[in-house]
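So the chains spell out like this:
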Amino acid sequence: MKLKKKSVLVVGFARSGLTAANFLLKRGARVTITDLHNKNTLKEHISQLVGPVQLSLGGHRLEDFLNTDLIVLSPGVSLSRPELQAASQHNIAILSEVELAYRFVNGTVIGVTGSNGKTTTTSLIGELLKNSGKQSMVAGNIGFPLIQWAETQYGSGAPPTTVVVELSSFQLETIEKFRCHIAALLNLTPDHQDRYQKFEDYIRAKERIFLNQTSGDHAILNADNPHTLEIAERCKSSVLLFSRKRSLEKGVFVQKGIIRIRSKGKNHDLMPIQNIRLIGNHNLENVLAATAVGLVAGLTPKTMAKTFENFRGVEHRLELIAELNSVSFYNDSKATNIDSASRALQALTVPLVVIMGGLDKGADFGKLRPFMADKVKLLILIGSATNKIHKALSGTVKTIAVSDMIEAVQQAHQATVPGDAVLLSPGCASFDMFKNFEHRGRIFKQAVQALENS
């Protein structure tokens, strides 16, 4: 892809936008950056630019979108914006950051998407490849933009690498040539209802992970989810299913407490599920998906079993961070939707004090009632969704509202007795109070650390 002297508009100047801008500058593009935030708010990112750019900040201007050769879109920016609609009508190419990066990728791409479990599964696959001695890299929505990997690899003469990419529906909306040699769709439940008018629109965005696959590629799907199972029938690639609930004629499944692999007419016992270090049925499904990916990637069962026995989890995903006076504290800040929060509630079997809330994404919090009843002693609410959550769960669980995370942790500690657990599982986006879910998780951990020190 030729970028020299091309006029490129980077829309959204978050982490991936900064990396994309620098990538473009180094290849001789004329870059304009547009963002809703002002120069003062973005001064830290601006200071990291490697060349001169035109800044168009504090709002989006239609002329920027129409007077450019190419638009590179950050994941958080919706295609429904009128400026992007106008650019599309003028046949101006709109690429996501991962699509731009893909044009410069040298190696095999393994893509992972789904409503929940993406980060843990992506990390698991990365560990499997590393422990198998394969040259690999984990990138994408997991925190290390794919364009950043392309920047370090392109033109370096490095050998082909297997890149494991966590992909959101936002990133998949604008792919064109992006192709996964192995693509895993973990599950589909309603999410981002503030962005998608219909659940079907969200499903279609996720399904695009298989868009450019051929018969020589592989699709990994969840046999227990009706939406993913339906997609399996439309895939052009070779399909391999995984299931936690039933045996399969071909695939990876659990039977009598054992993970079993059935492929090419042969059965293999991988390991007892009790040997998996991660807790919860949702994490068992992540392990099954990673096993299926490892199988088609040619990894040995022995290496996979050893990896699963030693993998301790990912930061901000049901992460055990402290035990104070026999009370466990779990950081599940990555639970940005109610389905993810419900999985955490189901995974923990002890009495709970739960911290929840943030920026609402159009969710029906009433769906959490069955997982709260008789288990949650107190629900502590923070953020802009406080009133909505309180109304939805009133009568099921006692709720209190607090002003910040420090107060939430203090109130949670006061409400516990030995044997209880405190769980941060917000069920909401973080942007009303924090930079991102990682920032929210770090503040929670700092508050717990301060409690421990006192």
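Attention in this report is confined to the structure presented alongside it. Everything quoted here is computed from the prediction, not taken from an experiment.

Looking only at helices and strands, the protein features 17 helices and 20 strands. What you see for the protein is a C-alpha radius of gyration of 22 Å, in line with the 22 Å of a compact globule of 454 residues. Of all 454 residues assigned to the protein, the portion counted as buried reaches 56%. For the protein, the proportion of contacts with a sequence separation of at least 24, taken over those separated by at least 6, is 66%. Of the roughly 19,600 Å² of accessible surface on the protein, a fraction of 47% belongs to carbon and sulfur atoms. In the protein, 53 side chains carry a positive charge and 40 a negative one; their mean positions are 5 Å apart.

This next bit is on the pattern of salt bridges. Taken as a whole and judged by the stated rule, the model has 17 salt bridges. A salt bridge links Asp217 to Arg179, with the nearest nitrogen and oxygen atoms 2.9 Å apart. One end of the pair, Asp217, is in the loop between helix 9 (199-207) and strand 10 (218-222); the other, Arg179, is in the loop between helix 8 (169-172) and strand 9 (182-185), and 38 residues separate them in sequence. One salt bridge in this structure joins Asp269 and Arg260, with 2.7 Å as the shortest N-O distance.

Bringing the sheet that holds strand 13 (residues 258-263) into the picture now. In spatial order, the strands read 7-8-6-9-10-11-12-13-14; together these nine strands make up an open sheet with mixed pairing. Edge positions in the sheet fall to strand 7 (136-140) and strand 14 (266-272), since each has one partner strand and no second. Here the average twist between neighbouring strands, direction ignored, is 20°. Relative to strand 13, strand 12 (residues 251-255) runs antiparallel, the two sharing five bridges. Directly across from Gln255, in strand 13, lies its bridge partner Ile258.

If you look at the biggest cluster of nonpolar residues, it comprises 58 residues, and the most contacted ones within it are Leu24, Leu146, Phe178, Phe210 and Leu221. The greatest single-element share of this core, amounting to six residues, is contributed by helix 1 (residues 15-26). Apart from residues lying up to four places away in sequence, Phe210 is in contact with Ala183, Leu185, Ala219, Leu221, Ile231 and Cys235. In this structure, Ala184, Met271, Val287 and Phe311 belong to the second largest nonpolar core, which totals 34 residues.

This next bit is on the pairing of strand 17 (residues 352-356). For strand 17, the tally of buried residues reaches five of five residues, placing the bulk of the element in the interior. Taken together, the four bridges between strand 17 and strand 20 (residues 421-424) define a ladder with parallel strand orientation. Within the sheet, the bridge partner assigned to Val353 lies in strand 20 and is Val422.

Take unusual backbone geometry next. The phi angle at Lys5 is positive, at roughly 65°, despite the residue not being glycine. Residue position: Lys5 is located in the segment before strand 1 (7-11).

Put simply, helix 16 (residues 405-414) and helix 17 (residues 437-453) touch, their axes get as near as 9 Å, and they point 50° apart. One finds that helix 16 runs oblique with respect to helix 17. Our pair here, helix 16 against helix 17, has a crossing hand that is right-handed. Here Met405, Ile406, Val409 and His413 of helix 16 lie close against helix 17, whose contacting residues are Arg440, Ile443, Phe444, Ala447, Val448 and Leu451. Taken together, the residues of the contact of helix 16 with helix 17 sort by class into eight nonpolar, one polar and one charged.

What counts and how
- Residues numbered from 1 in each chain as written.
- Predicted model: local features only at pLDDT ≥ 70, side-chain atom pairs only at ≥ 80, totals over all residues.
- Heavy atoms only, no water.
- Helix = DSSP H or I, 4+ residues; strand = E, 2+ residues; numbered from the N terminus.
- Rg over C-alpha atoms; globule rule 2.2 N^0.38 Å.
- Buried < 20%, exposed > 50% of the residue type's maximum accessible area, 1.4 Å probe, protein only.
- Contact = heavy atoms within 4.5 Å.
- Areas by Shrake-Rupley, 256 points an atom, 1.4 Å probe, with all protein chains shown as cover.
- Lys, Arg positive; Asp, Glu negative; His and termini not counted.
- Charge placed at Lys NZ, Arg CZ, Asp CG, Glu CD.
- Salt bridge = Lys/Arg side-chain N within 4 Å of Asp/Glu carboxyl O.
- Pairing = 2+ DSSP bridges.
- Axes fitted to C-alpha atoms, helices over the stretch in contact; angles between N-to-C directions.
- Core = buried A, V, L, I, M, F, W, Y, C linked by side-chain atoms within 4.5 Å.
- Parallel < 35°, antiparallel > 145°, perpendicular 65-115°, else oblique.
- Left-handed = near helix turned anticlockwise from the far one by under 90°.
- Nonpolar A, V, L, I, M, F, W, Y, C, P; charged D, E, K, R; others polar.

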